[in-house]
Amino acid sequence: MILKNKRQYIFRIALKIFVVMCLCSSVFLTACSTRDEGVGILLGLTQPNLSDNLQLSIKTDIQNRCASYDNVRCISYDAGFNYLNQSDDINRLLKLGVDALIVVTVEPELITEAITKAYETGIPVIIIGYAPESGNYSVRIYSDNIKIGQKVGEYVVQLAGKADCTVLQILGDPESRTSKDLKQGFKQAVESHGNIQNEYVMTGYWSQDKTIERLKESDFNDKTPPIDLIFAQNDSMAVGAALGTADFKRDIKIIGIGGYPYKNSDLEALKSGQIDATIALPTGGEAAVDAALKLINGDTVPDQIELESNLIS
């Protein structure tokens, strides 16, 4: 009886060891499989979501840039608006043995710990967007949203001339840094011009459908003074503004931010005359891949790379 129990004990221990070895082998094989077929450099990409044209364009530009090299591959994860998922995605990419990490941020302080962990492994960490205050990253690639807001405001000043102009701003999310910076820049550009009334504000949550819904449910059609111009903080809300004000009593000029070549985008709306102008933003995807490859090769790269936007009207 004692011998039988001893055999069972040894069997259970052996089984546990076998399971652990299989799990380790699985992780190893997963990492190895990413380097099949001549893959010499493996980049990791984590994004907060893939629900808008900006995020889709970032991923597309990164994939296309990697495809231009014979030996570079990128593995990407979408956190689906869950910042805890994005931290987990960073850890998964580290386990896969990526040579560099590209992190697209919205609220970087929520994933600072995971970014720091990646940086402390010694691999290049490239941030697209707002950077964590810790400074634990290799390169930040970004558009200055205050400057972009100012550019929109300067264009409104030019459009208005000396005529009175009442503005409705459609914010993406009033609590986000992006919305706050765009709003601040716009205010700085128009506040010294008494004929421009930065009068009305609503929130569209970066969504075309939500913008349409809120405009149709609002009393903006009956406001006094009436709305002359709408500044929407992204392309989806700009298109939503055009559709949501189609039945309004007056012609309203609409300015968006985006410039991405997708169906129902602001570029299409601009061509069809639904909106009047947009600020085209580079994604930073190509610049991120280039920076990662240079750092892997031991070359120097500026720790801050600012992207230039341009007005299309």
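Residue indices follow the written sequence of each chain, beginning from 1 at its first position. Local features are withheld for residues below a pLDDT of 70 in this predicted model, meaning they are given only at 70 or higher, and side-chain atom pairs are given and counted only at 80 or more; totals for whole chains, interfaces and linings count all residues. The basis for the side-chain values is all heavy atoms of the structure; hydrogens and waters are excluded.

1. What about the overall build of the protein?
Point 1. Strands here mean DSSP runs of E at least two residues long; helices mean DSSP runs of H or I at least four residues long; both are numbered from the N terminus. Assigned secondary structure in the protein consists of 10 helices and 12 strands.
Point 2. Counting across all 313 residues of the protein, residues that qualify as buried make up 46%.
Point 3. Here a residue-residue contact requires only that any non-hydrogen atoms of the pair lie within 4.5 Å. Taking the contacts inside the protein whose residues are at least 6 apart along the sequence as the reference set, 70% of them involve residues at least 24 apart.
Point 4. Only the protein chains shown count as cover for residues, and the accessible areas themselves come from Shrake-Rupley with a 1.4 Å probe. When the accessible area of the protein is evaluated, it comes to approximately 16100 Å², of which 51% is carbon and sulfur surface. A 1.4 Å probe rolled over the protein chains alone gives each residue an accessible area, and that area as a share of the maximum for its type sets the label: buried under 20%, exposed over 50%, partly exposed in between.

2. Here we look at the sheet that holds strand 3 (residues 100-104)
Point 1. Strand order across the open sheet formed by 6 strands is 2-1-3-4-5-11, with parallel pairing between neighbours. Every other strand in the sheet has two partners, leaving strand 2 (72-78) and strand 11 (304-306) as the edge strands with one partner each. When strand polarity is set aside, the average angle formed by the axes of neighbouring strands in this sheet is 15°.
Point 2. Two strands qualify as a pair provided DSSP detects at least 2 bridges between them. As paired strands, strand 4 (residues 125-128) and strand 5 (residues 139-142) are joined by 3 bridges and run parallel to one another. Looking at strand 5, one finds that Ile 126 is bridged to Val 139. Between the N-to-C directions of two axes lies an angle of 0 to 180 degrees, each axis being a line fitted to C-alpha atoms and, for a helix, fitted only over the stretch in contact.

3. Concerning the pattern of salt bridges
Point 1. Each reported salt bridge corresponds to a side-chain nitrogen of Lys or Arg within 4 Å of a carboxyl oxygen of Asp or Glu. Under the counting rule described, the total for this entry stands at 9 salt bridges.
Point 2. Between Glu 213 and Lys 210 there is a salt bridge, with its nearest N and O atoms 3.9 Å apart. With Glu 213 and Lys 210 both in helix 7 (residues 208-217) and 3 residues apart, the pair spans about one turn of that helix.
Point 3. The class of Glu 213 is partly exposed, set by a relative accessible area of 38%.
Point 4. Relative accessible area serves as the criterion here: at 30%, Lys 210 is assigned to the partly exposed category.

4. Section: the confidence of the model for the protein
Point 1. Each residue gets a pLDDT score, which is the predictor's confidence in that residue and runs from 0 to 100. Here the protein averages 88 in pLDDT, while 88% of its residues score no lower than 70.
Point 2. In the model, residues 1-33 has pLDDT below 50 throughout and makes 5 contacts with residues more than four positions away in sequence or in other chains.

5. Notes on the nonpolar core
Point 1. To qualify as a nonpolar core, a set must consist of buried Ala, Val, Leu, Ile, Met, Phe, Trp, Tyr and Cys residues joined through side-chain atoms within 4.5 Å. Counting residues in each nonpolar core, the largest one holds 22 residues, and the members touching the most others are Leu 43, Ile 62, Cys 66, Ile 102, Ile 126, Ile 128 and Val 289.
Point 2. When contributions to this core are tallied by element, the ones reaching two or more residues are strand 1 (41-47), helix 2 (53-67), strand 2, strand 3, strand 4, strand 5 and helix 10 (285-296).
Point 3. In terms of residue count, helix 10 provides more of this core than any other element does, 5 residues in total.
Point 4. Once you skip the residues sitting within four places of it in the chain, Val 289 turns out to touch Leu 43, Ile 62, Arg 65, Cys 66 and Ile 102.
Point 5. If you look at the next biggest cluster of nonpolar residues, it comprises 21 residues, including Ile 148, Ala 160, Ile 196 and Leu 281.

6. Topic: the sheet that holds strand 6 (residues 165-171)
Point 1. What the 6 strands build is an open sheet, ordered 7-6-8-9-10-12; its pairing is mixed. The two strands at the open ends of the sheet, each matched to only one other strand, are strand 7 (196-203) and strand 12 (310-312). Strand after strand, the sheet turns through a mean of 20° between neighbouring axes, direction not considered.
Point 2. Relative to strand 12, strand 10 (residues 277-280) runs antiparallel, the two sharing 3 bridges. Paired with Thr 278 across the bridge in strand 12 is Ile 312.
Point 3. On the sheet, helix 6 (residues 177-190) packs against strand 6, strand 7, strand 8 (229-232) and strand 9 (253-258) and is oriented at approximately 165° with respect to strand 6.
Point 4. Helix 8 (residues 235-244) rests against strand 6, strand 8 and strand 9 of the sheet, and its axis sits at about 160° to strand 9.

7. Quick look at the layout of surface pockets
Point 1. Grid points spaced at 1 Å over the protein atoms alone were grouped into cavities, where a 1.4 Å probe fits but cannot get out, and pockets, open sets with protein on both sides within 12 Å along at least five of seven lines, with lining residues defined by an atom within 4 Å of a point. Grid points are joined across faces, edges and corners, and a volume is the space filled by probe spheres set on the points. The volume enclosed by the largest pocket comes to roughly 910 Å³.
Point 2. Around the largest pocket sit 40 residues that line it, and Asp 52, Leu 54, Gln 55, Val 106 and Thr 178 are the ones nearest its centre.
Point 3. Those elements giving two or more residues to the lining of the largest pocket turn out to be helix 2, strand 5, helix 5 (145-160), helix 6 and strand 9.
Point 4. With 4 residues, the single largest contributor to the lining of the largest pocket is helix 2.

8. A few points about the packing of aromatic side chains
Point 1. We call Phe, Tyr and Trp rings a pair once their centres come within 6.5 Å, taking the six-membered ring for Trp, and we label the pair stacked below 30 degrees between planes, edge-to-face above 60, and tilted otherwise. Counting across every chain of the model gives 2 aromatic pairs.
Point 2. A ring is scored as having a charge over it whenever the NZ atom of a lysine or the CZ atom of an arginine sits within 6 Å of its centre and within 35 degrees of its normal. A cation sits over an aromatic face here: Arg 92 above Tyr 77, 6.0 Å from the ring centre.
Point 3. Over the face of the ring belonging to Tyr 142 we find Arg 140, whose NZ or CZ atom lies 3.9 Å from the ring centre.

9. Quick notes on the side chain of Asp 228
Point 1. Tracing the chain through its elements places Asp 228 in the loop between helix 7 and strand 8.
Point 2. The class for Asp 228 is buried, based on a relative accessible area of 18%.
Point 3. Any N or O atom pair separated by 3.5 Å or less is treated as a polar contact, with the protein-specific requirement of one donor-capable and one acceptor-capable atom, and with residues adjacent in sequence counted only for side-chain atom pairs. In this structure the side chain of Asp 228 is engaged in a polar contact, spanning 2.8 Å, whose partner is the backbone nitrogen of Thr 166.
Point 4. Ignoring anything within four residues of it in the chain, the contact list for Asp 228 reads Asp 164, Cys 165, Thr 166, Arg 250, Asp 251, Ile 252 and Lys 253.

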